[in-house]
Every structure is written in structure tokens, then in C-alpha cells.
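# Reading the structure
If you want the building blocks of each chain, they are given just below.
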Amino acid sequence: MLNETTHESLKLLITESVFQYLKNKGIELKKIPVIILTTPKDPAHGHLSTNIALQLSGMISGNAKEIAGFIVQELEKNNRGMLDRVEIAGPGFINFYFQKDLLYNILHEIIAEKDRFGCSDLGKGEKILLEYVSVNPTGPLHVGHGKCAAVGDSLSKILRAAGYQVSTEYYINDHGKQMDTLGQSVLIRYRQLLGEEIEFPENGYQGDYIVALAKEVREKYGTEFKAKDDQETINFFKSYAQQKILQDIKEDLILFGVEFDNWFSEESLYTQDKVYPVIDRLRQEGFVYLEKGALWFKSTDFGDEKDRVVTRANGEAAYFASDIAYHDDKYKRGFQTLIDIWGSDHHGYINRMKAAVQALGYTRDSFQVLLVQFVTLLRAGKTVGMSTRGGQFITLKDLLKEVGKDVARYFFLMYSYDSHTEFDLDIAKSQSLENPVYYIQYAYARICSIIKKGEIKNITLDDINKEQIDLKLLDKREELEIIKKLMSFKKVVERSAIKRKPYLIAGYLLELASLFHKYYTEYKIISRERTLSESRLYLVCSVKIVLENALFLLGIGAPQKM
RNA sequence: GCGCCUGUAGCUCAAUAGGAUAGAGCAACGGACUUCUAAUCCGUAGGUUGGGGGUUCGAUUCCCUCCAGGCGCGCCA
């Protein structure tokens, strides 16, 4: 079977051959290169391919083709019947062709595993805390936050599929000055509504949602807070606004198909006295010093460009301090790897946070930050502005209303998150071939139609006898292409998990859908020939399962009809 | 000024860990529905991978340099 075992045993065979070669030549190498088996782009290059001979030739200054020749000879001696043939090609690649039977086995595997197909134990249960979105509760989510949400949610699903134990978390920045500003902004709008002539502060939050909140308060509480601006009143407005906004954020995320395992409040770090003990720990380790009345963390010891304040001269802990405590808390809760997803504008913050993590005794690599680049919205070819302060932005909710969840998610996930997303609303809205989401979903819907037709003709997956089915009938080029694509799914999921790149799944989906559409156009699945129909239905049902599983990883629906 | 990211077809993006002839979609042009959904398929055209050097069997990928764009450089969060 062309699965993990095949892969591994082939690698083992190659490794043995390499050692044999070196021994014959009397060459000693401290270690040989890792054997890499890739699926070639070009079908003419076999089912799997390795460049080991080329790598070796560089290390021992030998001829690559000669090395490859020897390895192939050895392999043919030890071949346990899984290989159909082995070829040397190009400058020294070794290309492997498997027995067709092995290829067909993947279909049995898919049909048997169903929604589990594609899962692996790559992560071996490693505990990962994935923190993302974590937007300040001072305003609604906008489109850029949506991208982070889509990436984070999809990544959590991919990591879980690859055998990691993932917990997702939203960090609520509910402590600090910006919350006072929020409270004040709403209070002033409220008082303006009551006819008072007060100027709105320049640094206040200007969005319409602030006015809406003020109106709500006026409806519920009337003129109770007229002409008031004492701390107690501000606090009331602050917590009112915060709760309301946070609730909206949660609702938007649910509409977007994103739910967090945990919501973590920054304020709780203070109420549970977790911030100052961590600073103390840093002090005991000698990583902090006093200067100009403030307490500085020596992040330069760990490669940061300058030291950072943790406690300000006025005695208050800086945002950085609670963030250190927060990350320490994550480790204390038993997570081995922390992944944070941040907007790219926070990149300057990475080094100091990594420094802090190291100072606390954790490894630098166990804390990983994924930077998500900005989103530019286009409408009729023109950029739509997105400034939070000025209140001119398109909210995630607006976007969802306009294009729907599936399209929005796909557009955020279709390209690498570290490149800028250009989100063209006109394309997203068009239900046409320009829109790749529909292309993929259409493939799925077509398969559903086929299955229905099969039912009418009494050819269904349940009726097929898996022992008697003749998969050798699937010998068309298009069919073999599809089978090969299906075989690579697990690897794609793993790669996507290791590299933390959901867009690999999106790309895979597009390729699989494309292969299916081509096949569909060329060949009839359900025909008069029963055995052939059964085999083809078996193939197409496998495609359906993989489409479903891949769409799930992106959080996109699979409609039966379109 | 310093740092991080980006630069690939007219446009939006790919290119599996340095691999084989740099690929898709859109836009352009020409074809295919009496069929399981034409939201599909087939074909044509489109490139000095920002410029220049280097490393090697081989570079879009790694190193140096220059150019262009984005972002960051608070006792804000």
C-alpha cells in the first residue's frame, strides 16, 4: 500500500543502498543526507522521486548518474514487489513507479477512513496554544481581523488533523488606557446627545458604533449621567461599552465560523496577581535594572535591539509586563508550543517577546509568531479606506453580509498569509468562474449529482462489493492523475501543519477540483456498463470525501447542490 | 538612519526542503452543451523571476549590493 509504510520502507531501502555504495567505494561520511521523496510535478517523472544521488555527488565529488545507477541496482535486488520500475533521469534523479495495485489501494483507504482520511499522528499529541485575533474590545472587527481569524481557525483544524493537541485562545486587552478612552468616548457622545456642547477629543474613538452605544445608554438610563464626568461614571461607560463590544465580536466570529476554546482576560492577570511575581522572577534572575525611575528588561541580552520598560516610573506595569505574564501563564498551563498570530504591524514586538520567553527559561523556538499581512479592499477597482480611528472601515460583519462566509474565508486563505491580500469585492460577489470557491464547491455538487443518478440506477457505494470491485478499469490518464492527487493529501496536510500554512490546502483543493472537472467532462461515470460504473463511482466518491475533508480544514461548506 | 516583510505573465497569485521545460486563474483571441449541473472543458498567446554580482551539477529559492513598495522603531496598547 502506498502509504506511510511504503514511504518509510522505500526510504530505508534507499538508505541501505547508499551505505552499500559508500562502503564499496571506501568512503566514510559522518552522516548521509536525509532521504527526500517528492511527488514530481511532471507525471513523466514517476510517482515518487528522490535527488539523493545529486546530493551525494556534491558531498563526495562523485558522478551523480553513476551513484544513481548503483543505488538503482541495489534497489532492484531488494525490491519486495512494490516497485514496477525505477528510472534514472535528468542529471541524476531517481524516479520510482509503483505497481498499479498499490495506487488503487488508496481508494480503499479513503472509503474506509472517510472523514478521518488525511489525519495523521505527526504532532504526536504535542500541546499547542494557538492565540489569534485578540483584538482590543474598543471597536468591531474589521476585514483585516477577519483574515487573522480565518488563518487561525483553519490552522487549528489543520494542526489537529496532523495530530497536535491544540487549544485556541483570544486574549482580551481589557486593562489599560485605551479602555478609559473608550469609556470617555461613549460618555461624551452620550452627553452630546443630551444637548451638551462638548468637543469630542482628538484621540477618542470616532466610529458610528460609539454613537450607537451612547444612544443605547440614553434609552436605558435616560439623563442619569447628564453633565457627569467623574471616574465612577467613566467606569460605568467603560465596562458597558466593553461588554457590548466584546459580545459583538463574539457574535461576528460565530457568524464567521470561528469559536475559541478560551477567552483570556488581561485584567485577570492583575486581579489574580500574576504580573508582579513574573517581574520579580526576572529580577531574581538579574534580567532587569532601574533607570530613570523605570524598570527595564534586558531584552538586548537575547538579541533585541534595545531594552524595554516593564514597570513605568509611575509604578504601573507596562503592557509588555502583562504580556510576559500572559505567555508565562500559557507555559504553566502545560503548553509546549505557543503560536501567536499577529498583524504584521506588530513585527517589532517579536524579538522582545522571544527575549522574555527565553529569560523565563523557555526555548526561543517554542514561541512562534505568524505575521499576517494587511488586507486591501477593492471595490470597482478602487481601494476602500480602513482606518479604525477615523471610523472609516468595512467591518467583518459588512463583508459577511456582502459575500458570505465561504467566499470570505476562501479569499483570506487562498494565498500565503504573509503576502498582502487584495480583496476584490466585485470578484468575490460574482458567482462566476472568476471565483474559485464556486469552482471547488461545484465539483463537490457535481459528484453529489452523480451519486444521485447512481441511486436511480441502483449503483451505490453501499452495494459495491469491495472485494470484487475491479479498480484496474480505472486506467485512464485522468483517473490515474486523480488517484495520485488523492495519495498526496495526507502529505499536504502534514506540510501545511509543519509550515503553518493553510493556503496549501486551498491550492490542493483547486488542483483536485480541476482534475475532477476535466475527468467529468471527458468520461461518463454512470453508464450501462455496471462494473465500470462501480469502479468510477468508487473513485468519484473518494474525491468527494477528500474534497469534504479539505474544505472542512478551511472551514468552508460543501453544498450538495448549486 | 536602523530593523522586518515584499518585488514572478497586462492583473491577482503559485512553484512542495536548492531540483527536471517557472505554473494556475482572470483579462484577450478561437472552439465544445440532444449527455451525471457549461458556475464546466479544450486550444492560442503572454516571462531576461526588480537590476547587478557570487555560491554549485543546478538558483524564483541561499549570500552580497543597489533600486522600488509596505510596516515598525513609545515609560501606548
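Within the fold, Glu87 resides in strand S3 (residues 83-89). Residues Glu87 and Lys100, 13 residues apart in the sequence, show an inter-C-alpha distance of 16 Å. Residues in contact with Glu87, not counting those within four places in the same chain, are Phe93, Ile94, Asn95 and Tyr97. Of note is the side chain of Glu87, whose polar atom sits 3.5 Å from the side chain of Tyr97.

Moving on, we come to the domain arrangement of chain A. With domains assigned, chain A is organised as domain 1 (4-98), domain 2 (127-173 + 259-372), domain 3 (177-255) and domain 4 (432-553). For domain 3 and domain 4, the distance between their C-alpha centroids amounts to 53 Å.

This brings us to the side chain of Arg308. Inspection of the secondary structure assignment puts Arg308 in strand S10 (residues 308-311). Of the polar contacts made by the side chain of Arg308, one reaches the side chain of Asp304; its length is 2.8 Å.

Once that is clear, we can look at the pairing of strand S4 (residues 93-98). Counting buried residues in S4 gives 5 out of 6 residues, a clear majority hidden from the surface. Direction of pairing for strand S2 (residues 48-50) relative to S4: antiparallel, over a ladder of 3 bridges. Counted as the bridge partner of Thr50 is Ile94 from S4. The antiparallel hairpin formed by S3 and S4 contains 3 residues in its connecting segment, where Gly90 sits at a positive phi of about 55°.

In spatial order, the strands read S8-S9-S10; together these 3 strands make up an open sheet with antiparallel pairing. Looking at the sheet topology across the chains shown, the edges are occupied by strand S8 (288-291) and S10. Neighbouring strand axes in the sheet, compared pairwise and without regard to direction, differ in orientation by 45° on average. Of the strand pairs in this sheet, S8 and strand S9 (residues 294-297) are connected by 4 bridges, and their pairing is antiparallel.

Another point: the confidence of the model for chain A. Mean pLDDT over chain A works out to 90, with 97% of the residues at or above the 70 mark. Residue range residues 387-391 is modelled with pLDDT below 50. Its contacts to residues more than four positions away, or to other chains, number 10 contacts. Here the prediction assigns the complex a pTM of 0.93, and the interface score ipTM is 0.93.

Turning to unusual backbone geometry, a few remarks are in order. Phi at Asn458 takes a positive value of approximately 65°, unusual for a residue other than glycine. Examined against the element boundaries, Asn458 turns out to sit in the loop between helix H16 (436-456) and helix H17 (477-487). Given a relative accessible area of 51%, Asn458 falls into the exposed group. Even without glycine at this site, Arg500 takes up a positive phi of about 55°.

In this section: the protein's contact with RNA strand B. For RNA strand B, the set of nearby residues contains 64 residues, the closest of which are Tyr415, Tyr439, Tyr442, Arg495 and Tyr523. Backbone atoms, meaning sugar and phosphate, make up 64% of the atoms of RNA strand B lying within 4 Å of the protein. For RNA strand B, a sugar or linking oxygen lies 3.0 Å from a polar atom in the backbone of His175. Lys499 is positioned with one of its side-chain polar atoms (N or O) 2.8 Å from a phosphate oxygen of RNA strand B. Counting only elements with at least two residues in the surface near RNA strand B, the list comes to S4, S9, H16 and helix H19 (503-522). Per-element tally for the surface near RNA strand B: the top contributor is H16, with 8 residues. For the surface near RNA strand B, a count of residues per class yields 26 nonpolar, 20 polar and 18 charged.

Moving on, we get to helix H12 (residues 350-359). Most of H12 is tucked away: 8 of the 10 residues are buried. For H12, the complete set of buried residues consists of Ile350, Arg352, Met353, Lys354, Ala355, Ala356, Val357 and Ala359. Where H12 is buried, its residues touch helix H10 (275-284), S9, S10, helix H11 (319-332), strand S11 (337-343) and strand S12 (367-372). Looking one or two residues beyond H12, the residue adopting positive phi is Gly361, at roughly 100°.

Where charged atoms from two side chains of opposite charge approach closely, those side chains can pair. Tallying each qualifying case throughout the model produces 31 salt bridges. The closest approach of N and O atoms between Arg409 and Asp153, which form a salt bridge, is 2.5 Å. Taken together, the positions of Arg409 in helix H14 (residues 405-413) and Asp153 in helix H5 (residues 143-161) put the pair 256 residues apart, joining distant regions of the chain. A salt bridge links Arg333 to Glu169; its shortest N-O distance comes to 2.8 Å.

What counts, and at which threshold
- Residues numbered from 1 in each chain as written.
- Chains lettered and ligands numbered in written order.
- Predicted model: local features only at pLDDT ≥ 70, side-chain atom pairs only at ≥ 80, totals over all residues.
- Heavy atoms only, no water.
- Helix = DSSP H or I, 4+ residues; strand = E, 2+ residues; numbered from the N terminus.
- Contact = heavy atoms within 4.5 Å.
- Polar contact = N/O pair within 3.5 Å; in protein donor to acceptor, adjacent residues only side chain to side chain.
- Domains from an automatic or database assignment.
- Buried < 20%, exposed > 50% of the residue type's maximum accessible area, 1.4 Å probe, protein only.
- Pairing = 2+ DSSP bridges.
- Axes fitted to C-alpha atoms, helices over the stretch in contact; angles between N-to-C directions.
- pLDDT = per-residue confidence, 0-100.
- Near = heavy atom within 4 Å.
- Nonpolar A, V, L, I, M, F, W, Y, C, P; charged D, E, K, R; others polar.
- Salt bridge = Lys/Arg side-chain N within 4 Å of Asp/Glu carboxyl O.

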